[in-house]
Amino acid sequence: MIRNLTLYPWLKLTQNLAFWQATWFLYFQQELSAAQAILLYVVYDIATTVLEVPSGYMSDRLGRRLTLIFAAVATLAGTLLLTVGSTFAVFAGGQILLGAASAFASGTDTSLLFESLSAQSRADEVEAHELRAWRFGFSALALSAVIGGALALSSGALPFAAGAVAAIALLLITLRLEEPPHKRPSGDRLDDLRALRGNFTHPTLLWIFALSLLMYVFSHIPFVFGQPFIAEAMAQLGLRAEAPLISGFVSAIMMVLSVLLSLIAPRIRKRIGLAAILLLAFAMQIGLVSALALSGSALVIGLLFLRMVPNSLSQPFIQARIQPLLEDGTRATYLSLQSLTGRLVFAATLLFASGSASSDANLSFAQIHTIAGFYALAGGFALIALAMTARNARLE
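Quick notes on the rules
- Residues numbered from 1 in each chain as written.
- Predicted model: local features only at pLDDT ≥ 70, side-chain atom pairs only at ≥ 80, totals over all residues.
- Heavy atoms only, no water.
- Helix = DSSP H or I, 4+ residues; strand = E, 2+ residues; numbered from the N terminus.
- Expected span 1.5 Å × (residues − 1).
- Buried < 20%, exposed > 50% of the residue type's maximum accessible area, 1.4 Å probe, protein only.
- Patch = residues over 30% accessible without salt bridge, like charges linked within 9 Å, V, L, I, M, F, W, Y side chains within 5 Å.
- Areas by Shrake-Rupley, 256 points an atom, 1.4 Å probe, with all protein chains shown as cover.
- Salt bridge = Lys/Arg side-chain N within 4 Å of Asp/Glu carboxyl O.
- Core = buried A, V, L, I, M, F, W, Y, C linked by side-chain atoms within 4.5 Å.
- pLDDT = per-residue confidence, 0-100.
- Contact = heavy atoms within 4.5 Å.
- Phe/Tyr/Trp six-rings, centres within 6.5 Å; stacked < 30°, edge-to-face > 60°.
- 1 Å grid on protein atoms, 1.4 Å probe; cavity = no way out; pocket = protein on both sides within 12 Å on 5 of 7 lines; lining within 4 Å.
- Points joined across faces, edges and corners; volume = space filled by probe spheres on them.
- Nonpolar A, V, L, I, M, F, W, Y, C, P; charged D, E, K, R; others polar.

(A) Looking closely at helix α17 (residues 365-389). The end-to-end C-alpha separation of α17 is 36 Å, in line with the 36 Å expected for 25 residues at 1.5 Å each. Looking at α17, one finds that the buried residues are Phe 365, Gln 367, Ile 368, Ile 371, Ala 372, Tyr 375, Ala 376, Gly 379, Ala 382 and Leu 386.

(B) Spotlight on helix α15 (residues 315-322). Across the eight residues of α15, seven count as buried, placing the element largely inside the fold. For α15, the full list of buried residues reads Pro 316, Phe 317, Ile 318, Gln 319, Ala 320, Arg 321 and Ile 322.

(C) Fine view of a nonpolar patch on the surface. On the surface, a cluster of nonpolar side chains totalling about 540 Å² of accessible area is made up of Val 256, Leu 257, Leu 260, Leu 263, Ile 264, Leu 303 and Leu 306. A per-element tally of the nonpolar patch places helix α11 (residues 243-272) first, with five residues. With respect to the helices, strands and loops of the structure, Leu 303 is situated in helix α13 (residues 300-303). Judged by relative accessible area, which is 38%, Leu 303 ranks as partly exposed.

(D) Structural context of the nonpolar core. Formed by 86 residues in total, the largest nonpolar core has its most connected members in Trp 207 and Tyr 375. Looking at this core, the element that brings in the most residues is helix α10 (residues 203-236), giving 19 residues. Core analysis: the second largest hydrophobic core is formed by 23 residues, Leu 7, Ala 74, Phe 114 and Ala 133 among them.

(E) Structural view of the confidence of the model for the protein chain. Of all residues in the protein chain, 93% have pLDDT values of 70 or greater, and the mean over the chain is 84. Ranking the helices and strands of the protein chain by mean pLDDT puts helix α8 (residues 158-175) first, with 94, and helix α9 (residues 189-199) last, with 66.

(F) Layout of the side chain of Gln 95. Looking at where Gln 95 falls in the secondary structure, it is placed in helix α5 (residues 88-105). Setting aside anything within four residues of it in sequence, one finds Gln 95 in contact with Phe 28, Leu 40, Tyr 41, Val 43, Tyr 44 and Leu 82.

(G) Fine view of the pattern of salt bridges. Applying the stated criterion to the full structure yields five salt bridges. Among the ionic pairs, Lys 12 bridges to Asp 109, the shortest N-O distance being 2.8 Å. Residue Lys 12 is found in helix α1 (residues 2-15), and its partner Asp 109 is found in helix α6 (residues 108-118); the two are separated by 97 residues along the sequence. Its salt-bridge partner being Arg 122, residue Glu 125 comes within 3.0 Å of it at the nearest N-O pair. Look at the salt bridges and you will find they share partners, linking Asp 60, Arg 64 and Glu 115 into a network.

(H) Inspection of unusual backbone geometry at higher detail. The phi dihedral of Ser 121 falls on the positive side, at around 55°, and the residue is not glycine. Its location among the elements puts Ser 121 in the loop between α6 and α7 (126-154). Judged by relative accessible area, which is 67%, Ser 121 ranks as exposed.

(I) Representation of the packing of aromatic side chains. With the rule as written, the count across this model stands at 18 aromatic pairs. Judged by centre distance (5.8 Å) and plane angle (65°), the rings of Trp 24 and Phe 28 are edge-to-face. Within this pair, Trp 24 and its partner Phe 28 are both found in helix α2 (residues 24-31), separated by four residues, close to a single helical turn. By relative accessible area, Trp 24 is classed as buried at 3%. Summarising the aromatic geometry, the rings of Phe 218 and Phe 282 are spaced 5.5 Å apart at their centres and angled 85° between planes, so their arrangement reads as edge-to-face. Of this pair, Phe 218 sits in helix α10 while Phe 282 sits in helix α12 (residues 274-294), placing them 64 residues apart in sequence.

(J) Layout of the environment of Gln 236. Tracing the chain through its elements places Gln 236 in helix α10. Residues Gln 236 and Ser 297, 61 residues apart in the sequence, show an inter-C-alpha distance of 9.2 Å. Not counting residues within four places of it along the chain, the set of residues in contact with Gln 236 comprises Gly 296 and Phe 365.

(K) Fine view of empty space enclosed by the protein. The full count for this structure, using the stated rule, is two cavities of 30 Å³ or more. The space that makes up the second largest cavity amounts to roughly 120 Å³. Broken down by secondary-structure element, the contributors of at least two residues to the lining of the second largest cavity are α10 and α11. In terms of residue count, the dominant contributor to the lining of the second largest cavity is α10 (five residues). Residues of the lining of the second largest cavity, tallied by class, amount to seven nonpolar, five polar and one charged.

Dropping the structure here:
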């Protein structure tokens with residue numbers, strides 16, 4: 001278990017060496033079209049959705065280590081396909097594999113951490129370990145964003161090739177993990193269903209479930225539409241060809257800011273409380289989407305620096321709060337259901353957005369404003385509902 005705790009930050013680091021994160025949309029729409037680029041993200045989300053709960057059940061029944069090994073293998077295969085792809089079908093295959101990798105890792109990695117700590121009677125240290133792993137992961141995102149943006153200037157496929165190298169390192173780390181002791185599912189599916197149903201009647205888990213769903217959606221809106229926004233803003237300045245490098249730089253800054261803020265996040269959480277910091281994080285996400293809806297100015301690119309700050313103010317604290325409330329035998333399944341719901345909602349809204357997107361090579365400002373505007377309006381109503389129900393959620 002000590003080896004697991006030592007390796008866990010490096011697991012998160014290699015998981016997050018996503019060199020393509022700031023250039024994938026530009027690459028896909030260059031090879032295909034803007035509408036197909038959006039659909040390729042939908043393919044990714046659908047693949048993750050289909051495998052989300054089965055992978056969580058697999059993790060609970062077959063083990064954390066084996067599931068994480070499958071995730072690493074799928075990442076390697078997916079990045080290799082996207083490196084050599086030239087058609088929608090090949091790109092879709094790569095996206096399906098990356099979606100599978102995300103599903104296998106979802107909930108399993110954090111379950112491995114909590115159960116490794118519990119095996120040593122150190123479960124109360126989970127928040128500190130989650131924050132440390134968060135910093136490793138976002139440092140990797142920052143580094144890979146800059147490198148990926150520079151690589152994309154030569155070829156849009158190169159960031160995926162670099163991701164394949166990172167996936168090999170990820171696989172080597174997962175092979176060194178030890179399976180933590182945890183209670184397996186009872187074998188009685190009715191008992192497992194009762195345990196899961198109990199989670200969805202717990203006021204704290206229910207409120208955090210709704211918040212996590214919404215924050216997943218609003219975190220990914222700038223992820224999908226930020227790249228075409230940057231491309232259009234750079235085009236106004238006569239710098240469209242530099243968009244991949246600018247996008248990589250923006251992604252790197254947003255990750256660095258997230259890491260820096262995570263250093264003071266525990267003090268903010270202690271000062272204002274868990275409910276307030278979570279609502280603040282969600283409000284920041286809505287504000288950023290609103291900026292994409294209201295302005296086409298290049299100055300909005302500066303606001304994209306803040307995209308991952310809400311995550312550093314929420315995700316480690318969410319994990320630390322819900323883990324002790326979950327049962328070992330259904331922990332990963334519950335976390336997968338939570339992720340599944342967010343992906344379903346986001347995929348459904350993206351399908352609607354792709355119908356209003358252009359079949360031309362580039363997504364226009366007008367289309368981005370319209371799509372982001374609908375999201376921002378819905379987010380405002382959701383924030384009000386969460387604020388009104390926070391007291392009954394017994395978050396502290």
